[in-house]
Structure formats: structure tokens, C-alpha cells
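Results of the structural survey
As a plain string of letters, each chain reads:
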Amino acid sequence: MRETLVLNASFEPLSTVSLRRAVVLVMREKAVVEQSHPGLRVRAAQLDIPVPQVIRLRRFVRVPFRQRASWSRRGVLVRDRHRCAYCGRRATTVDHVVPRSHGGGDTWLNTVAACAADNHRKADRTPAQAGMRLLVKPFEPTPADSLLLALGLGEGDTLPEWLSVPAATA
Ligand SMILES: [Zn+2]
């Protein structure tokens with residue numbers, strides 16, 4: 001999917017986000033469209049906006065840009081897009097890959113989003129002990145994820161899957 005450039009309120013470029021995320025930022029009135037694709041619009045029942053190429057935040061944010069974002073449960077869910085690392089379904093909980101009782105910590109590389117059922121099934125075991133396989137390896141959040149966290153976006157701040165965003169040509 002095409003990326004949209006995000007400028008801080010001061011016009012300083014911060015990051016790129018997916019078009020879908022850019023539309024959410026505009027819808028939530030976190031950002032305004034600075035530049036858009038001529039003739040392309042995102043349309044849905046309550047929505048009709050130009051497809052943004054560049055958006056600018058309404059309020060200045062201090063983004064931990066080069067530093068690592070500090071770990072949080074919400075951050076793990078945002079990073080993993082609320083998808084369970086074991087089955088791919090919707091996740092509402094955070095699983096410690098190596099359980100805390102086995103010395104696993106609250107770190108980006110030791111935690112994944114998980115659905116309640118898989119988290120319960122895995123319980124106090126490692127994936128190998130539980131006979132479960134990670135579909136994705138945990139990773140440090142990207143600058144785009146850090147930006148979304150700094151803006152306080154998270155649960156519910158995603159576009160519905162049915163809302164199609166037109167594919168723009170370069
Ligand atoms: Zn699951």
C-alpha cells in the first residue's frame with residue numbers, strides 16, 4: 001500500500017504511514033491534508049476526503065524518533081495491529097513469549113499480541129513447551145508505530161476493512 005508522509009505541526013518530516021493510517025489521522029482530526037493525489041478520493045458513508053500524499057499534524061508532537069519507544073502493552077497491540085501472533089485472529093491481550101516466571105521480561109522482543117484463547121492455552125509455558133508456533137517474530141516498533149503511539153492512537157483507531165482506499169499510481 002502507498003505510504004503517506006507525515007509532517008509535524010512545525011512542517012518537519014516525521015515518518016511515513018500507510019494510506020489507511022493517514023486517513024485515520026485526518027478523520028480523527030489529528031492531522032490536515034497538505035497535499036493530495038489529484039482526482040483520487042477516499043469515499044465511504046460518512047467520509048469523502050482527497051487521498052493524502054502529505055499530511056501535517058495539527059499539534060506539535062515530540063516523537064522519540066531515533067530512540068527506542070518504551071515498552072507498553074498498548075504499544076505491543078499497536079505494533080502487531082491487534083493480530084494474534086499464534087493464530088492471526090483479533091488480539092486483545094499481550095503474551096510473554098518466554099513467561100515472566102521463566103525470566104522473560106517486558107520487552108519488545110519478548111512480547112506479542114495474542115487472542116485471549118491462545119494466551120490462556122499457552123499459559124505459563126514457552127511456545128515450544130506449549131506446542132505452539134509464532135506466525136511472526138517480535139520486533140522493535142518502527143518509527144511509524146512510535147509516531148502513532150505518541151499521538152495516542154491505538155484500539156479502535158483503524159479503518160474498517162471494508163473501506164477501500166483506491167490504489168494510487170505513481
Ligand atoms: Zn490466537
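Quick caveat, the model's predicted, so the values are computed rather than measured.

Turning next to the nonpolar core. Counting 30 residues, the largest nonpolar core has V6, A22, C84, A113 and A114 as its most contacted members. Taken together, the elements giving at least two residues each to this core come down to strand 2 (13–18), helix 1 (19–27), strand 3 (31–44), strand 4 (47–57), helix 2 (73–79), strand 6 (111–114) and helix 5 (143–150). When residues in this core are grouped by element, the largest group, six residues, is from helix 1. Taken domain by domain, this core gets at least three of its residues from each of domain 1 (3–64) and domain 2 (73–130). Excluding residues that lie within four positions of it along the chain, A22 makes contacts with T4, V17, P52 and I55.

As a further point, take unusual backbone geometry. What is expected of a backbone is that most residues other than glycine have negative phi and most peptide bonds are trans. The backbone of E29 sits at a positive phi, close to 60°, despite the residue not being glycine. Checked against the element boundaries, E29 lands in the loop between helix 1 and strand 3. Its identity is not glycine, yet R81 carries a phi of approximately 55°, on the positive side. Along the chain, R81 falls in the loop between helix 2 and strand 5 (93–96). On the basis of neighbour count, R81 is assigned to the exposed category, with 11 C-beta atoms found within 10 Å.

This paragraph deals with the environment of T4. Looking at the element boundaries, T4 is found in strand 1 (residues 3–7). For T4, a count of 28 C-beta atoms within 10 Å gives the class buried. Considered as a pair, T4 and V54 are 50 residues apart in the sequence and their alpha carbons are 5.6 Å apart. Contact partners of T4, with chain neighbours within four places excluded, come to T16, V17, L19, A22, P52, Q53, V54 and I55.

Pairing geometry for strand 1 and strand 2, over five bridges, is antiparallel. If you follow V6 over to strand 2, its bridge partner there is S15. Following strand 1, the chain reverses through five residues before pairing antiparallel with strand 2; F11 in that reversal takes a positive phi of roughly 75°.

This brings us to helix 1. Burial analysis of helix 1 places seven of its nine residues in the buried class, which makes it a mostly covered element. The complete set of buried residues in helix 1 reads L19, R21, A22, V23, V24, L25 and V26. Phi for E29, located one or two positions after helix 1, is positive at around 60°.

The rules behind the values
- Residues numbered from 1 in each chain as written.
- Predicted model: local features only at pLDDT ≥ 70, side-chain atom pairs only at ≥ 80, totals over all residues.
- Core = buried A, V, L, I, M, F, W, Y, C linked by C-beta atoms within 7 Å.
- Buried ≥ 20, exposed ≤ 12 C-beta atoms within 10 Å, placed from the backbone.
- Helix = DSSP H or I, 4+ residues; strand = E, 2+ residues; numbered from the N terminus.
- Domains from an automatic or database assignment.
- Contact = placed C-beta atoms within 7 Å.
- Pairing = 2+ DSSP bridges.

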